[in-house]
Amino acid sequence: GDLVVPAGFLYPELNTAARAAGVKMILSLGGWGNCAGFPGATSTPANRARFIGQLVDFCRVNAYDGVDIDWEFVSNDEQKAGFTLFVEALAAAFKAQTPPLLLAMAAPSNNYYGRWIDFERLVDDFDYIGFMTYDYHGAWSDHAGHNAPLYASSGDTCGSVDATFLYARSRQVPAAKILVGVPFFGRSFDCGALGLPFTTSEGWSYTDVMALPSSEWSRTWDGEARVPYLRRNDGTRLISFDDMSSVGLKCQYVKDKQAAGVIIWEIGEDYRSGAAELLEVIGRSFGAD
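Residues numbered from 1 in each chain as written. Predicted model: local features only at pLDDT ≥ 70, side-chain atom pairs only at ≥ 80, totals over all residues. Heavy atoms only, no water.

S.K.: Explanation requested: helix α10 (residues 277-285) in the structure shown.
M.R.: Residue pairs spaced three or four apart in an α-helix point in one direction, given the helix's 3.6 residues per turn. Looking only at α10, the buried set comprises E277, L278, V281, I282, G283 and S285. Looking at the buried side of α10, the elements it contacts are β5 (178-183), α8 (206-210), α9 (244-256), β11 (261-265), β12 (271-272) and β13 (275-276). Once α10 ends, the next one or two residues include G287, with phi positive near 80°. (Buried < 20%, exposed > 50% of the residue type's maximum accessible area, 1.4 Å probe, protein only. Helix = DSSP H or I, 4+ residues; strand = E, 2+ residues; numbered from the N terminus. Contact = heavy atoms within 4.5 Å.)

Put into structure tokens, the structure is as follows:
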């Protein structure tokens, strides 16, 4: 139940600049590989109270506007109970501040882990819920597929952005609180086509994907999934990723569905030729300068 802040984490100049520009800064807790403390921190009233008090103090002292809970993943009934009580108490403490602090969470993309989140009970406690609409295929899959398809390809039941959005709405999350995940990365598979079995899968940044020589790789656009992929000309590998076209379509989807916006994993992985190419597409899509 103690907040652990890594050395070098605080960056007060960034917080000051953000506030001067009217931008909100929130603290993200956890993340993949950094969630081992959540079950204990949320397991008892004393631990929850101590942890929440430290979070409120941290935001006040360090000029943060709220917290994002990124517990990957709540995965049993005991954890579900602790998470529910933690979120309710945290939301109450945040709403009691002047001004109120924001509360968000990073949510799983389907019911595999989503069954352990009581969205229906907690939805009013969150300002935003960011669904991690990527990693639909990867090393954990039994076949190669798109990392983040906007719509599912025929015959592929592993999910899509649209399927996750419909799942969120079915769990009573209003569109105005839904943030859609946009990946600045892709996944490689050592096979010759989508749908085939593979041996290894690796993550690739958008920058590294775009640096691959066109003499060795060919781009294909999947009009059904609304995303591209690269295939090595010798048939030994393919890479599913998002480019400027597919990111633009995802932003349009967010606007069409009147969702709240997007979350990105991760900023910086799209830097190419002196520009943050994917981030600039997102900015233009939502009317940013």
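Now, onward.
S.K.: Even after reading the chapter, I still don't get the sheet that holds β5, so can you show me in this structure?
M.R.: To summarise the sheet geometry, strands pair through backbone hydrogen bonds and adopt either a parallel or an antiparallel arrangement. If you walk across this open sheet you meet the six strands as β1-β2-β3-β4-β5-β11, and the pairing is parallel. Because the sheet does not close on itself, it has two edges, and the strands there are β1 (27-30) and β11. Within the sheet, the average angular offset between the axes of one strand and its neighbour, ignoring direction, is 25°. Sheet topology places β1 next to strand β2 (residues 66-70); four bridges connect them, and they run parallel. Bridge assignment links L29 to a residue of β2, and that residue is I69. In this fold helix α4 (residues 77-95) packs onto β2 and β3 (102-107), with an angle of close to 155° to the strand it touches most, β3. Against the sheet, helix α7 (residues 161-170) engages β4 (128-131) and β5, with an angle of about 160° to β5. (Pairing = 2+ DSSP bridges. Axes fitted to C-alpha atoms, helices over the stretch in contact; angles between N-to-C directions.)

S.K.: It is not clear to me how the environment of D127 should be interpreted in this structure. Could you clarify?
M.R.: In this fold, D127 is placed in the loop between α6 (119-122) and β4. D127 gets classed as partly exposed once you look at its relative accessible area, which sits at 30%. Placed 133 residues apart in sequence, D127 and A260 show a C-alpha to C-alpha distance of 9.9 Å. The contacts of D127, once residues within four sequence positions are left out, are L101, L102, L103 and K177.

S.K.: Got a minute to help me understand the packing of aromatic side chains in this structure?
M.R.: For any pair of aromatic rings, geometry is given as the distance between the ring centres together with the angle between the planes. If you walk through the whole model with that rule in mind, you get twelve aromatic pairs. When the centroid spacing of 5.8 Å and the interplanar angle of 70° are considered together, the rings of W71 and F83 count as edge-to-face. Here W71, found in the loop between β2 and α4, pairs with F83, found in helix α4; they are twelve residues apart in sequence, far enough to count as distant. As far as burial versus exposure is concerned, W71 and F83 are alike and both buried. Measuring from centroid to centroid gives 5.7 Å for Y134 and F185, while their planes differ by 75°, and the two rings are edge-to-face. (Phe/Tyr/Trp six-rings, centres within 6.5 Å; stacked < 30°, edge-to-face > 60°.)

S.K.: Sorry, what's going on with the nonpolar core here?
M.R.: Soluble, globular proteins show a tendency: their nonpolar side chains are buried together. Within the largest apolar cluster, 65 residues are counted, with the highest numbers of intra-cluster contacts made by I69, F83, M105 and F119. In terms of residues, this core owes the most to one element, α4, which gives seven residues. Once residues lying within four places of it in the same chain are set aside, the contact partners of F83 are T42, I69, W71, V74, M105, I117, L122 and F126. (Core = buried A, V, L, I, M, F, W, Y, C linked by side-chain atoms within 4.5 Å.)

S.K.: What should I look at first to understand unusual backbone geometry in this one?
M.R.: As a rule of thumb, non-glycine residues mostly have phi less than zero, and peptide bonds are mostly trans rather than cis. Look at the link from E72 to F73: it is a cis peptide, with omega at 0°. With respect to the helices and strands, the residue F73 is situated in the loop between β2 and α4. Along the chain, W265 connects to E266 via a cis peptide bond; the corresponding omega equals -15°. Mapped onto the secondary structure, E266 falls in the loop between β11 and β12. Although it is not a glycine, Q172 sits at a positive phi angle of roughly 75°.

S.K.: Looking at this structure, I do not really get the pattern of salt bridges. What am I missing?
M.R.: Close approach of charged atoms allows side chains with opposite charge to pair. Applying the stated rule across the entire model yields eleven salt bridges. D242 is paired through a salt bridge with K250; the nearest N and O atoms lie 2.7 Å apart. On the accessibility criterion, K250 (1% relative accessible area) is buried. (Salt bridge = Lys/Arg side-chain N within 4 Å of Asp/Glu carboxyl O.)

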